[in-house]
Amino acid sequence: MVEKPSRLVVKAGPNPGVVFELTKEVTLLGRDVTNDISIGDPEMSRQHARITRTPGSYVLEDLGSTNGSFVNGERLVAPRVLASGDLLGFGENVTLSFEGASPETAETVMGEAVPRGAAPTPEVMQEAVAQPTPIPVAEAEPSGEPGSKRWLFAGAGCLTILVTCVTIGYLLDYFAFEIIYDERMPWMQFLKLIGIQ
């Protein structure tokens, strides 16, 4: 009997109906295009979550995302074994449906089925993390990205310098003639003495 590969189906969010086959041992999900599953939603962190294939099951783990990962409406606080039909939520906008091997299939492969939605056993977790996948460190926001505080401060600084220069120019233009060309000033008397003025 040929087993269908497990997959995720986008139910809500960008591109509803899109299917992602889970063919790798470790699948990274997030907003960044370098992830195995890239979902372009602002609620998604750059590297939001990881799905690890273990013998007979898949384990979902949140990677410290800002807006959280959810399974059937419950926020993930620890890695969790997925069951077919589970709804995975990422932030408030993205919902995916997990379609995988049924618990009966997992029982024939593993020996004992893991109850739906139960936390993985220590043995399953040891197998899941036995060969850790290095996760690239999230880089600082690109300097050109809208909302970057660095650009906000640079813009405010430039605006302050511009206003200061315009003010000094205006004041010099308004008062400089009287200061520079006042005949009572010593340099004007000197210029008259040597015959330049």
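The structure we're discussing is the one just above.
Described in the following lines is the structure provided in the data block. (Residues numbered from 1 in each chain as written. Predicted model: local features only at pLDDT ≥ 70, side-chain atom pairs only at ≥ 80, totals over all residues. Heavy atoms only, no water.)

Some details on the nonpolar core
To keep it simple, the criterion reads: The nonpolar core is taken to be a set of buried Ala, Val, Leu, Ile, Met, Phe, Trp, Tyr and Cys residues, with the residues joined through side-chain atoms within 4.5 Å. Each residue's exposure class comes from its accessible area (1.4 Å probe, protein chains only) as a fraction of the maximum for that residue type: buried when under 20%, exposed when over 50%, partly exposed otherwise. Counting from the N terminus, the helices are the DSSP runs of H or I reaching at least four residues and the strands are the DSSP runs of E reaching at least two. A contact between two residues is defined here by any heavy atoms of the two lying within 4.5 Å.
L8, I51, L60, L88, F90 and L96 are the most contacted members of the largest nonpolar core, which has 20 residues in total. Of all the secondary-structure elements, those providing two or more residues to this core are β1 (7-12), β5 (49-54), β6 (57-62), β10 (87-90) and β11 (94-99). Broken down by element, this core gets its largest block of residues, three residues, from β11. Those residues within four positions of F90 in sequence are excluded, and the remaining contacts are L29, M44, H48, A49, L60, G68, S69 and L96.

A closer look at unusual backbone geometry
One non-glycine residue, N15, adopts positive backbone phi at about 55°. Here N15 is to be found in the loop between β1 and β2 (19-21). Backbone geometry at N72 places phi at a positive 50°, although glycine is not the residue there. Relative to the helices and strands, N72 resides in the loop between β7 (69-71) and β8 (74-75).

Considering the pattern of salt bridges
Rule in force here: Counted as salt bridges are all cases of a side-chain nitrogen of Lys or Arg within 4 Å of a carboxyl oxygen of Asp or Glu.
Enumeration over the complete set of coordinates arrives at five salt bridges. As a salt-bridge pair, K24 and D36 come within 2.7 Å of each other at their nearest N and O atoms. Taken together, the residues span a long stretch of sequence, with K24 in the loop between β2 and β3 (26-30) and D36 in the loop between β3 and β4 (37-38) at a distance of 12 residues. The partly exposed category is assigned to D36, whose relative accessible area is 35%. Between R80 and E74 there is a salt bridge, and its shortest N-O distance comes to 3.6 Å.

With respect to a nonpolar patch on the surface
Selection criterion: What goes into a patch is any residue over 30% in relative accessible area without a salt bridge, connected to like charges within 9 Å or, for nonpolar side chains (Val, Leu, Ile, Met, Phe, Trp, Tyr), within 5 Å. All accessibility values rest on the Shrake-Rupley procedure with a 1.4 Å probe; residue burial counts only the protein chains present in the view.
Taken together, L159, L162, V163 and V166 make up a surface patch of nonpolar side chains, about 390 Å² in accessible area. With respect to the helices and strands, L162 occurs in helix α3 (residues 149-180).

Topic: the pairing of β3
Operational definition: Whether two strands pair depends on DSSP finding at least two bridges between them.
Counting buried residues in β3 gives five out of five residues, a clear majority hidden from the surface. Bridge count for β3 against β5 is four bridges, and the pairing is antiparallel. The partner of V26 across the bridge, within β5, is T52. As paired elements, β3 and β4 share two bridges and run parallel to each other. From the neighbouring strand, G30 faces β4, where its bridge partner is S38.

Details of the side chain of S69
To be explicit about the condition: Residues adjacent in sequence count toward polar contacts only when both atoms are side-chain atoms; beyond that, a polar contact is any pair of N or O atoms within 3.5 Å, and within protein one must be able to donate a hydrogen and the other to accept it.
Mapped onto the elements of the fold, S69 is located in strand β7. Judged by relative accessible area, S69 falls into the buried class, the value being 1%. In terms of polar contacts, S69 uses its side chain to reach the side chain of D62, at 2.5 Å. Sequence-distant contacts of S69, defined by excluding residues within four places in its chain, comprise H48, A49, D62, E74, R75, L76, G89 and F90.

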